[in-house]
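# Structure at a glance
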Amino acid sequence: MEKKVLVFATNNAHKLQEVRQILGERFEVRSLKEIDCHEELPETHDTLEGNALEKAQYVREHYGYDCFADDTGLEVDALNGEPGVYSARYASIGGTDHNSEANMQKLLANMQGKENRQAQFRTAIVLIYNGETYRFEGKVRGTIATEKHGDEGFGYDPIFYPEGFSPAENSMPRTFAEMSAEEKNGMSHRGRAVEKLAKFLQDKG
């Protein structure tokens, strides 16, 4: 049986690998590069959901594929939800620079002296499938570390302890960056959103 082709509106190798691991052999997931889409996709909204929808619509309208797009933000309670929709370019808000190290350092600096270190990662996925639009969300609560730990993952993973793995909850605390890809995918925000997407697609047949 021929697998259903879906475009994931990203060229981020880390995100693509995560999604392919979660979806397994059930679907053929193609990146933007694999459909010869090399331009920067628009992200002009101030919400995760708005950006995900905008990217998915762009691919559908310009390339004709059923497509899903995501936007993910780290929302820190003590910073009123920052960096949120600006997570990828937190250190250069207003620009297009994506520098994970600079982003982490800015966040750690802004968290100095904050007692409340609670936060959440949230992923919004928008799927355009057979002409209809569907939305999925995944969240994971946790806390912000005071310094980096671990070399795995990407983005803010080295400074985020998911629930159950923070120093206050576990004698061997671990950030996302100290976990294997399989372990992180089993509990991550993106993993939870993609599992909802996968269940929907399976139900659709």
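Scroll up to find the structure this text is about.
Residues numbered from 1 in each chain as written. Predicted model: local features only at pLDDT ≥ 70, side-chain atom pairs only at ≥ 80, totals over all residues. Heavy atoms only, no water.

## Examining the nonpolar core
Counting residues in each nonpolar core, the largest one holds 21 residues, and the members touching the most others are L74, V76, L107, I144, Y156 and F160. Elements with a minimum of two residues in this core: β3 (67-76), α3 (100-110), β4 (118-129), β5 (132-144) and β6 (160-162). For this core, the leading source of residues is α3, giving 3 residues. Every residue in contact with L107, bar those within four places of it in the chain, is listed here: L74, V76, L79, P83, Y90, I144, Y156 and I159. If you look at the next biggest cluster of nonpolar residues, it comprises 19 residues, including F8, V29, I125 and A193. (Core = buried A, V, L, I, M, F, W, Y, C linked by side-chain atoms within 4.5 Å. Buried < 20%, exposed > 50% of the residue type's maximum accessible area, 1.4 Å probe, protein only. Helix = DSSP H or I, 4+ residues; strand = E, 2+ residues; numbered from the N terminus. Contact = heavy atoms within 4.5 Å.)

## Some thoughts on unusual backbone geometry
Looking along the chain, the bond that leaves E82 and enters P83 is cis, with omega of -5°. Here D36, not a glycine, exhibits a phi torsion of approximately 65°, which is positive. By secondary structure assignment, the location of D36 is in the loop between β2 (27-30) and α2 (48-63). Owing to a relative accessible area of 56%, D36 belongs among the exposed residues under this scheme. Notably, N130 is not glycine yet its phi reads approximately 55°, a positive angle. By secondary structure assignment, the location of N130 is in the loop between β4 and β5.

## Here's the deal with the environment of I144
Among the secondary structure elements, I144 is positioned in strand β5. With a relative accessible area of 3%, I144 lands in the buried category. Counting along the chain gives 13 residues from I144 to D157, while the straight-line C-alpha distance between them is 9.8 Å. Filtering out sequence-adjacent residues up to four positions away, I144 remains in contact with L74, V76, L107, L108, M111, R117, A119, I159 and F160.

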